[in-house]
Amino acid sequence: MGNPAKASSTAEDTSSQPIGRQAKLAIGGVMAAMLLSALDQTVVSIALPSIVSDLGGLDRLPWVVTVYLVTSMAVTPLWGKISDLYGRRPVVQGAIAVFVLSSVACAGAQSIWQLIVFRGVQGIGAGGLFVLALAVIADVVPPAQRGRYQGMFGGVFGLASVGGPLVGGWFTDGPGWRWIFLINVPVGILALVATAVGLRARNEQRRQDIDYAGAALIVSAVTCALLYLNWAAEEYGWTAPGPLLLLLGAVLLAALFVWVELHAGEPVIPMALFRNQVFGIGTLFGFLAGATMFGGIVFLPLWFQSVMGMSATRSGLAMLPAMFGLMLTSIGSGQLISRTGKYKVFPVAGSAVLVVAMLLLAQLDVDTPYWQAALFTALFGAGVGLVMQPIITAVQNSVEMKDMGAATSAVNFFQRMGSAMGVAVLGSVLTTRLADLGGGGGSGSGSGKVADIHKLAEPLRSKVLHGYADALSDVFLLCAPLIAVAFVVSLFLKEMPRKVPQEAAPVAQEATAKE
């Protein structure tokens, strides 16, 4: 009579074997591609003053950042679904090619409008790089080792996100802002070669019709929502007629999207996934955690520059404690997930750590020494490292392989959506709190440059410094209840046993037969 326990053990042993050289090459390629995608979310912001000096168009400058955010987020679910239908390798390489070619176009832009258009195309490629990298891990890495590699990817993503201002400052002060885009070319070419050699083509491609209606609706809904958040927060006000029409359009388009997905043969986001408790909890947690995570990533450098008077490059260096904390917990949690198969403890612990970190960051003041701010920043990074990848691991372990790309991209989509909405709302809070500090965006000088704050004469200088410190404290304080809700949500996350990989099944069956 067969011994199921022994068969299960045999399958687990097989899934724990080191992955091959070809798979490692594929992982290295998609990791490089994901690094580029993560860097370009934050690296350009530091170079904006230099860009407008060369190209002009100061009034259009925010669109250089906004259009990338809109397009990269809107197409995220579409990339995952297309890769499920047509195979991972051609779609991954297509995303890399779009990103590299548009990077060259961005570097050669001769006007602000050209740069905006090329950044939009770059965002389309970037939207696929990160989510497809995670889907490739699910394809080539057995479940027993998946947490380890996803922890590494989470560390690289966090490192790039937090270190983006440092890289951007270095290129801007050195060879020039165009190199921010040109550096993508050699790395992208290496990623193309690595994926061409290391990533095997899938034979089980399901060449069916793509849900173009669903894709168009989700792109339109996301675009309306993000435009509402950007325009309402920065220019018109939350209740102005124009922005409210955008909000209404976003709601109606989202409702129509759900209806279309319920009737589509190959939906972009299968609605059946939401009946999966792990997927539902994961998307909600990712949304809330994304808002908190980017709240710190975006506004901590501003605190270092405005309150402590650091340059853009120095503020990037000041974020190193966050990088170290993130790398330590992201890689460490991945290793532990691979060894134990347990993942629930990490989002629970990570969200609790982030609550404490945000409450501590809210205590920062004009007189706070850097060593104290560095400790709080490191704690923030450690919390981010604990919440990012375990949720992806949990979702991937709970869905069928045919939905792997769609599920992975959907979780990433909601995390990005939370990040965008969180930054918009928190930015609005900051703008409102700084409104009474004088012209120039609170600088009091009319120049609008944060660097000019410390050049002001007393007592205006002290007033503006305390105003910035108090406003940013409110921003960090607002993040605390958001991540506290995420902590409660994480308590409902269901622990799922590891799935036995398909290639291990014959081994298990053979072991059972011999018994």
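Residues numbered from 1 in each chain as written. Predicted model: local features only at pLDDT ≥ 70, side-chain atom pairs only at ≥ 80, totals over all residues. Heavy atoms only, no water.

Caption draft 1: The overall build of the protein chain, seen in detail. Scanning the protein chain from N- to C-terminus turns up 19 helices and zero strands. Sorting the 515 residues of the protein chain into buried and exposed places 55% on the buried side. (Helix = DSSP H or I, 4+ residues; strand = E, 2+ residues; numbered from the N terminus. Buried < 20%, exposed > 50% of the residue type's maximum accessible area, 1.4 Å probe, protein only.)

Caption draft 2: Highlighting a nonpolar patch on the surface. Taken together, the side chains of Leu-25, Ile-189, Val-193 and Val-197 make up a nonpolar region of the molecular surface, amounting to roughly 330 Å² of accessible area. Sort the elements by how many residues they give to the nonpolar patch and helix H9 (residues 184-198) lands first, with three residues. With respect to the secondary-structure elements, Val-193 resides in helix H9. (Patch = residues over 30% accessible without salt bridge, like charges linked within 9 Å, V, L, I, M, F, W, Y side chains within 5 Å. Areas by Shrake-Rupley, 256 points an atom, 1.4 Å probe, with all protein chains shown as cover. Salt bridge = Lys/Arg side-chain N within 4 Å of Asp/Glu carboxyl O.)

Caption draft 3: Examining empty space enclosed by the protein more closely. For the structure on display, the rule yields two cavities of 30 Å³ or more. Lining the second largest cavity, in full, are Val-30, Ala-33, Val-92, Ala-95, Ile-96, Gly-128, Leu-129, Leu-132 and Ala-133. Of all the secondary structure elements, the ones that give two or more residues to the lining of the second largest cavity are helix H2 (21-55), helix H5 (88-107) and helix H6 (112-140). Class assignment of the residues belonging to the lining of the second largest cavity gives a composition of eight nonpolar, one polar and no charged. (1 Å grid on protein atoms, 1.4 Å probe; cavity = no way out; pocket = protein on both sides within 12 Å on 5 of 7 lines; lining within 4 Å. Points joined across faces, edges and corners; volume = space filled by probe spheres on them. Nonpolar A, V, L, I, M, F, W, Y, C, P; charged D, E, K, R; others polar.)

Caption draft 4: Here's a closer look at the side chain of Ser-333. Among the structural elements, Ser-333 can be located in helix H14 (residues 320-340). Judged by its relative accessible area of 4%, Ser-333 is buried. Setting aside residues no more than four positions away along its own chain, Ser-333 makes contact with Phe-346, Gly-385, Leu-386 and Pro-390. (Contact = heavy atoms within 4.5 Å.)

Caption draft 5: Quick peek at the environment of Ala-289. Within the fold, Ala-289 resides in helix H12 (residues 277-306). Distance in space between the C-alpha atoms of Ala-289 and Ser-351 is 7.7 Å, their sequence separation being 62 residues.

Caption draft 6: Representation of the packing of aromatic side chains in the model. Here the structure, examined in full by the defined rule, presents five aromatic pairs. Note on Phe-274 and Phe-414: the rings are 6.4 Å apart at their centroids and 90 degrees apart in plane angle, and the pair reads as edge-to-face. Of this pair, Phe-274 sits in the loop between helix H11 (241-263) and H12 while Phe-414 sits in helix H17 (residues 404-434), and the two are 140 residues apart along the sequence. Of the residues examined, Phe-274 reaches a relative accessible area of 36% and is grouped as partly exposed. Between the aromatic rings of Phe-304 and Tyr-370, the centroid separation amounts to 5.9 Å while the plane-to-plane angle is 55 degrees, which identifies the pairing as tilted. One end of the pair, Phe-304, is in helix H12; the other, Tyr-370, is in helix H16 (residues 370-396), with 66 residues separating them in the sequence. With relative accessibility at 0%, the residue Phe-304 sits in the buried group. Through pairs of rings, three or more aromatic residues link up here, namely Phe-274, Phe-279 and Phe-414. (Phe/Tyr/Trp six-rings, centres within 6.5 Å; stacked < 30°, edge-to-face > 60°.)

Caption draft 7: Representation of the packing of H12 against H17 within the structure. Packing of H12 against H17 leaves a shortest axis separation of 7 Å and a crossing angle of 40 degrees. Between H12 and H17, the angle falls in the class oblique. Where H12 crosses over H17, the two elements pack in a sense that is right-handed. Tallied by class, the residues present in the contact of H12 with H17 amount to 17 nonpolar, ten polar and no charged. (Axes fitted to C-alpha atoms, helices over the stretch in contact; angles between N-to-C directions. Parallel < 35°, antiparallel > 145°, perpendicular 65-115°, else oblique. Left-handed = near helix turned anticlockwise from the far one by under 90°.)

Caption draft 8: Quick peek at the nonpolar core. Of all hydrophobic cores here, the largest spans 113 residues; its most connected members are Phe-153, Val-222, Leu-361, Phe-380 and Phe-476. Membership of the second largest hydrophobic core comes to 17 residues, among which are Leu-55, Val-64, Ala-109 and Leu-115. (Core = buried A, V, L, I, M, F, W, Y, C linked by side-chain atoms within 4.5 Å.)

Caption draft 9: Expanded view of the confidence of the model for the protein chain. When pLDDT is averaged along the protein chain, the result is 77, and 79% of the positions lie at 70 or above. Put simply, helix H19 (residues 505-514) is where the protein chain has its lowest mean pLDDT, 38, and helix H15 (residues 345-361) is where it has its highest, 93. Low pLDDT, under 50, characterises residues 439-448; the predicted model gives this stretch 24 contacts beyond four residues in sequence or across chains. (pLDDT = per-residue confidence, 0-100.)

Caption draft 10: Region of interest: helix H4 (residues 76-86). Counting buried residues along H4, eight of its eleven residues qualify, which places the element largely inside the surrounding structure. A positive backbone phi angle near 95 degrees is found at Gly-87, which sits one or two residues after H4.

Caption draft 11: Representation of the environment of Phe-181 in the model. Along the chain, Phe-181 turns up in helix H8 (residues 179-182). Once the C-alpha coordinates of Phe-181 and Val-104 are considered, the two residues, 77 residues apart in sequence, prove to be 6.6 Å apart. Excluding anything up to four places from it in sequence, Phe-181 contacts Asp-40, Val-44, Ser-103, Cys-106, Ala-107, Leu-115, Arg-119 and Gln-122.

Caption draft 12: View of H14. A rise of 1.5 Å per residue sets the reference length of H14, with its 21 residues, at 30 Å; its end C-alpha atoms lie 30 Å apart and thus fit the reference within 8%. Of all the positions in H14, only Pro-321, Ala-322, Met-323, Gly-325, Leu-326, Thr-329, Ser-330, Ser-333, Gly-334, Ile-337 and Ser-338 are classed as buried. Within two residues after H14, Gly-341 carries a phi angle of roughly 80 degrees, on the positive side. (Expected span 1.5 Å × (residues − 1).)

Caption draft 13: Inspection of the environment of Gln-110 at higher detail. Within the element layout of this structure, Gln-110 appears in the loop between H5 and H6. Separated by 56 residues in sequence, Gln-110 and Asp-54 have C-alpha atoms that sit 8.6 Å apart. Among all residues touching Gln-110, those that are not within four sequence positions of it are Leu-55 and Arg-178. For Gln-110, the side chain forms a polar contact with the main-chain oxygen of Gly-108, separated by 2.9 Å. (Polar contact = N/O pair within 3.5 Å; in protein donor to acceptor, adjacent residues only side chain to side chain.)

Caption draft 14: Quick peek at the packing of H12 against H16. Contact geometry of H12 with H16 gives a least axis separation of 10 Å together with a crossing angle of 155 degrees. Taken together, the axes of H12 and H16 are roughly antiparallel relative to one another. Between H12 and H16 lies a crossing whose hand is left-handed. On the side of H12, the interface is formed by Val-278, Phe-279, Gly-282, Phe-285, Ala-289, Thr-292, Met-293, Gly-296, Ile-297, Leu-300, Trp-303 and Phe-304, while H16 contributes Tyr-370, Ala-373, Thr-377, Phe-380, Val-384, Val-387, Met-388, Ile-391, Ala-394 and Val-395. Partitioning the contact of H12 with H16 into residue classes produces 18 nonpolar, four polar and no charged.

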